[in-house]
Amino acid sequence: MSIASNRLFTRQDIIGFAVLAAVVFIVLPLTLDSFRLNLFGKYLTYAFVAVGLVLCWGAGGILSLGQGVFFGLGGYCMAMFLKLEASTPENTAIQSTPGIPDFMDWNQLTALPWWWEPFNTLTFALLAVVAVPVMFAFIIGVAMFRRRVGGVYFAIITQAFAAILTILIIGQQGFTGGVNGITDLRTLQGWDIRTDAAKETLYYVNGVLLFSCLLIAQFVRKSKLGRLLIAMRDQEDRVRFSGYDVASFKIFIFCLGAAFAGIGGAMFTLQVGFMSPTLVGIVPSIEMVIFCAVGGRLSIIGAVYGALLVNWAKTSLSESFPELWLFGLGGLFIAVVMLFPNGLAGLYADHVAPRIDRLLSRKSADVGPADDTARAAAE
Amino acid sequence: MFADYSMSELGAIFAMQGFAGLILFSVFVLMALGLAIIFGQMGVINMAHGEFMILGAYMTYLTSTLFEAYLPGLFSIYFFIAMIVAFFASGLLGLFVEWSMIRHLYKRPLDTLLATWGLSLILQQVYRSVFGAREVGVSIPDWMMGSLPLTDLVEIPINGIFVMVLAVAISLAVYYLMFRSSWGLQVRAISQNRVMADAVGINTAWTDRLTFGIGCGVAGVAGSAFTMIGSTGPTAGQLYIVDTFLVVVFGGAGSLLGTIASAFSISQAQSIMEFFLSGSMAKVLTLLVVVGILMIRPQGLFSLKLRK
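As the structure is a computational prediction, the values presented were derived from the model and not from experiment.

Peer 1: Any details on the overall build of chain A? Residues and values, ideally.
Peer 2: When its secondary structure is counted, chain A shows 16 helices and two strands. A compact globule built from 379 residues would reach a C-alpha radius of gyration of about 21 Å, and chain A, at 22 Å, matches this within 12%. With respect to the principal axes defined by its C-alpha atoms, chain A has extents near 75 × 50 × 40 Å. The proportion of buried residues among the 379 residues of chain A is 45%.

Dropping the structure here:
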C-alpha cells in the first residue's frame, strides 16, 4: 500500500477500522459463549504486541525478538498488585508469615521484599504497567541505537534479554513465583475478576484499550514521524545525512512498542488470571513476531487479525491434533516469509481493496465526480 | 566462605571447576564453529542451527544402535563412523535447505531468521514423531567411561577429555578449511566483496551453498560429540541457540579466533561463577555481562577490518 494520502484516515483505513470494530465489539461477543469470548480476549492481548511490532519492524525496520519481555513486565506489574490484594492476612492465615504471597511463604521468606511494597497501590501498579516496560526499552534502545546497532544484531541481543529475564524469573522463585508464575489472582479493588460477568467487562475494556492503541499507531504512521521511520528503514544513512537524529526516532518507536506490549500483558493477567515466565521467553517472543507477519507487517489492522487467526488456529489445532500444530506453525513461518511477505493485509490490498474501491467509486460517480481520497487510495 | 576448606581442597575445587569450564568451553566451541562459518562469513542467521546439531546427535544414536545389533565387535570404534554419518546427514540437509529456502532470502536477513525458526519447529516435530518425545542416550564404549585420577581429590572424566580433543581437532580442521583451502579463500573473498568475487570467476552461488552445507555438517559433528556427555531430546537444540549466537557475536562475526576466545571467556566466567552463586544466577550474570560488553563494543572482541 502506498502512502498516497496525508490524511489521518483514508477511506480504506475507515473501512478497516469499522470492520475490525464490528468484529471485536459486535460479532465476537454475539457469536461466542463466555469461555470462548474470554479466549479471544486473550488473543487480543497479543494484538497489542503485534501492533507495536508493526510500528517497530514493519515501519521502522527494527526487529525485536524480545517483545515478550515487555509483555511479561506489564503482566507481572499487574499480577503483583492483584497477588498482594489476594494475600490479605485473613486469606493467608495458615501460612507461617500471614499477609505475604503464598509462594514467598513456601520459599521461607518472612517479609515482603521492598520492591513489592509500592505495588500495594493500584495507581502505582497501573503506572508501572506502562512505565516499567518503557524504561527497559529506553535503556536497551539508548544503548543499542546510539551505537548504531541494528538489524540482526539487535534481534539477537533482544532475544538474549528474553532468555535472561526468563532464567531470572525462574531462578528467583521466592520473589517471582518461579516457573509457575504468579497464580491465584482473585479481585481488583474488591471486584471479583473470576466471574463470567467480570470477564465480559474486561473483554470490552481490552477492546477499547486496543482501539486506543490502534488510533495512536495510526496517528504515528500518518505523521511525519511515520514517514521518517519508513525512510530510515529503507535508507538510514540518507535520513541521517539530512540532519535527523535517527537514534532518537528509533528509541521512541521502540519504547512505544514496549508500552503497547506492557498494556497487553496487563490485560492478559486480568483476563486469564495468572502471569508466568512461559509468556516471557524466546519462544513466545518470536511467536508474537509471527502474529505480526501473518497479519501483514505493514498493517496495524492486519496485525490484529494475524494475532486472532494464528492463536485461534493454535488453540483449535493443538486441541485436536497436537502433533500437527508445530508443523503448521513452522510452515506458517516459512510460507509467510517466502510466499506472502506482506501477509493478510498484502493479500487484501492486492485482491479485495481494489474491488471495494471500484464499487464505491462507481456509486459516487453516479452522484458526482470521485473524490480525491478514492483516487489516492486506488493508486 | 572459604574458611571451612583447607588449601588443598580449595585448589582441587578450582581445578575441578576450571575443568568443568573447559568442557563447557569445548561444547561452546563445537556449537559455535558451524555458526561462525554460516553467520560470520555469510551473514545468514540460522535459527535451526540447534536442530542440525540434534540431527547429528540422533544419527550417532542410530549408528550406535546399529553397531550394537549387527557389529558388536567393532562397537568400540563406532563413534568415529557416527561422526562421519552425522557430518554428511546434517550437511546434506543443509545443502537442501540452502537450495530450497535460504538462497531466496539473502537480501532479507531478518526474514531468514523467521524462516529458519519455522524450519526449526518443523524439525523438532519430526524428531518427536520419529524418535519419540523422550530423551535418548547412546551407549558409550568402555574405553570412554571412568575417569583419570590426577591426585586424590582431582578426577577427570575421560569422555570430557575426549570432547575437548574433538573440539581442538574440529577447530583445526575448520581453520585449515577456511584459511588454507581454495574453498576457504573463495568464501573469504565473497564475504569481503561479493560482486568482485563474482567478477573474477568464483561461482558464488555454489560456494554459498557449500558454505552453508559445511557449516551445518560441523553442527552435526558437534551434536554427535554431545552424545558423549549428555542425552538428546527433540527440543534440546533450542536450549543452545541463544548461547551459541552470543558466543559468535561476542567474538566478532567473521573472526574464528574471536569465536574461540569468546567461547573460552564465557564458559570460564560461567563455570567459576556457578561455584559462588546458583546456576541460574551465574547464567544470568554471564549473559548480562556479555550483552553489556556488546552494547559498548558492538563489533565484538575481534573484528575484521572490512570496507563496507
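Peer 1: How would you sum up the overall build of chain B? Please name residues and give values.
Peer 2: When you go through chain B residue by residue, the secondary structure sums to 11 helices and two strands. In chain B, the succession of α and β elements from N to C terminus is α-α-α-α-β-β-α-α-α-α-α-α-α. In terms of C-alpha radius of gyration, chain B reaches 20 Å, essentially the compact-globule figure of 19 Å for 308 residues. Within chain B, the fraction of its 308 residues that count as buried is 47%.

Peer 1: Account for the interface of chain A and chain B, naming residues and giving values.
Peer 2: Contact residues are listed per partner, giving 34 residues for chain A and 32 residues for chain B. Mapped onto the side of chain A that touches chain B, the elements with two or more residues apiece are α5 (122-145), α6 (151-171), α12 (282-295) and α14 (322-338) of chain A. Of the residues that constitute the side of chain A that touches chain B, the class distribution is 27 nonpolar, five polar and two charged.

Peer 1: Talk me through unusual backbone geometry; I want residue IDs and the actual numbers.
Peer 2: Residue and element names in this part refer to chain A. The phi torsion at Gln108 lies on the positive side, around 65 degrees, for a residue other than glycine. Classification of Gln108 by C-beta neighbours within 10 Å gives exposed; the count is 9. We note that Gln189 has phi near 50 degrees; this positive angle belongs to a residue other than glycine. Within the fold, Gln189 resides in the loop between β1 (187-188) and β2 (191-192).

Peer 1: Talk me through the UniProt feature "transmembrane region" (unreviewed entry) in chain B; I want residue IDs and the actual numbers.
Peer 2: Residues and elements named next belong to chain B. When the UniProt feature table is mapped onto this chain numbering, "transmembrane region" (unreviewed entry) sits at residues 12-40, 52-71, 77-97, 109-127, 156-178, 210-229, 241-263 and 275-296. Taken end to end, residues 109-127 has its terminal C-alpha atoms 27 Å apart, with 100% of it in helix and 0% in strand. Span residues 156-178 is 91% helix and 9% strand, its end C-alpha atoms 33 Å apart.

Peer 1: For the UniProt feature "transmembrane region" (unreviewed entry) in chain A, give the residues involved together with the corresponding values.
Peer 2: Residue and element names in this part refer to chain A. Listed under "transmembrane region" (unreviewed entry) in the UniProt record, and renumbered for this structure, are residues 14-32, 44-66, 122-145, 152-171, 201-220, 241-268, 288-312 and 324-349. For residues 122-145, helix accounts for 100% and strand for 0%, while the C-alpha atoms at its two ends are 34 Å apart. Its end C-alpha atoms 42 Å apart, residues 241-268 is made of 86% helix and 0% strand.

Peer 1: I'd like to hear about helix α9 (residues 236-251) of chain B, residue by residue, with values.
Peer 2: Residue and element names in this part refer to chain B. With 16 residues, α9 extends 24 Å between its outermost C-alpha atoms, agreeing within 8% with the 22 Å of an ideal straight helix rising 1.5 Å per residue. With 14 of 16 residues buried, α9 lies mostly within the body of the structure. Following α9 by one or two positions, Gly252 has its phi on the positive side, about 100 degrees.

Peer 1: Explain the confidence of the model for chain A to me, and be specific about the residues and the numbers.
Peer 2: Residue and element names in this part refer to chain A. Considering every residue of chain A, the mean pLDDT works out to 86; 94% of them sit at 70 or more. No element of chain A has a lower mean pLDDT than helix α16 (residues 372-378), which averages 42, and none a higher one than helix α11 (residues 246-272), which averages 94. Contacts from residues 367-379, a stretch scored under 50 in pLDDT, to residues over four places away or in other chains number 27 contacts.

Peer 1: Go over the packing of α6 of chain A against helix α11 (residues 279-296) of chain B, please, and point to the residues and values.
Peer 2: Their axes nearest at 9 Å, the elements α6 of chain A and α11 of chain B cross at an angle of 155 degrees. By the angle class used here, α6 of chain A and α11 of chain B are roughly antiparallel. Where α6 of chain A crosses over α11 of chain B, the two elements pack in a sense that is left-handed. Facing Ile157, Ala160, Ala163, Ile164, Ile167, Leu168, Ile170 and Gly171 of chain A of α6 of chain A, the residues of α11 of chain B in contact are Ser280, Met281, Lys283, Val284, Leu287, Leu288, Val291 and Leu294 of chain B. Among the residues forming the contact of α6 of chain A with α11 of chain B, the class breakdown is 13 nonpolar, two polar and one charged.

Peer 1: Describe the nonpolar core, listing the residues and the values that go with them.
Peer 2: With 200 residues, the main nonpolar core has Ala50, Val51, Val54 and Ala303 of chain A as its most contacted residues. Looking at which element gives the most residues to this core, the answer is helix α1 (residues 7-42) of chain B, with 18 residues.

Peer 1: For the environment of Gly190 of chain A, give the residues involved together with the corresponding values.
Peer 2: Residues and elements named next belong to chain A. As for its placement among the helices and strands, Gly190 is situated in the loop between β1 and β2. The class for Gly190 is exposed, based on 7 C-beta atoms found within 10 Å. Along the backbone, Gly190 and Phe17 are 173 residues apart, and their C-alpha atoms lie at a distance of 35 Å.

Peer 1: Account for the confidence of the model for chain B, with residues named and values stated.
Peer 2: Residues and elements named next belong to chain B. Scored by pLDDT, chain B has a mean of 84; 95% of the residues are at 70 or more. Of all helices and strands in chain B, the one with the weakest mean pLDDT is strand β1 (residues 147-149) (73), whereas helix α3 (residues 78-100) scores best (92). Under the prediction, the complex receives an ipTM of 0.84, its pTM being 0.87.

Peer 1: Quick one: what's the story with the packing of α9 of chain B against α11 of chain B, residue by residue and with numbers?
Peer 2: All names here are of chain B. Taken N-terminus to C-terminus, the directions of α9 and α11 make an angle of 35 degrees; their axes are 10 Å apart at the nearest point. Pair α9 / α11 crosses with left-handed handedness. Only Leu287, Val290 and Leu294 of α11 make contact with α9, whose side of the interface consists of Leu246, Val249 and Phe250. Of the residues that constitute the contact of α9 with α11, the class distribution is six nonpolar, no polar and no charged.

Peer 1: Report on the environment of Ala133 of chain B, specifying residues and quantitative values.
Peer 2: All names here are of chain B. Here Ala133 lies in the loop between α4 (109-131) and β1. Under the C-beta neighbour-count criterion, Ala133 is labelled exposed, with 11 such atoms within 10 Å. Sequence-wise, Ala133 and Thr235 are 102 residues apart; in three dimensions their C-alpha atoms are separated by 8.8 Å.

Peer 1: So what's going on with the environment of Leu301 of chain B? Which residues, and what values?
Peer 2: Counting through the fold element by element, Leu301 of chain B comes out in the segment after α11. What Leu301 of chain B contacts, discounting residues up to four positions off in sequence, is Phe250, Gly251, Gly252, Gly258, Ala261 and Ser262 of chain B.

Conventions and cut-offs
Residues numbered from 1 in each chain as written. Chains lettered and ligands numbered in written order. Predicted model: local features only at pLDDT ≥ 70, side-chain atom pairs only at ≥ 80, totals over all residues. Helix = DSSP H or I, 4+ residues; strand = E, 2+ residues; numbered from the N terminus. Rg over C-alpha atoms; globule rule 2.2 N^0.38 Å. Buried ≥ 20, exposed ≤ 12 C-beta atoms within 10 Å, placed from the backbone. Contact = placed C-beta atoms within 7 Å. Nonpolar A, V, L, I, M, F, W, Y, C, P; charged D, E, K, R; others polar. UniProt positions renumbered as here; feature names shortened; annotations may be inferred. Expected span 1.5 Å × (residues − 1). pLDDT = per-residue confidence, 0-100. Axes fitted to C-alpha atoms, helices over the stretch in contact; angles between N-to-C directions. Parallel < 35°, antiparallel > 145°, perpendicular 65-115°, else oblique. Left-handed = near helix turned anticlockwise from the far one by under 90°. Core = buried A, V, L, I, M, F, W, Y, C linked by C-beta atoms within 7 Å.

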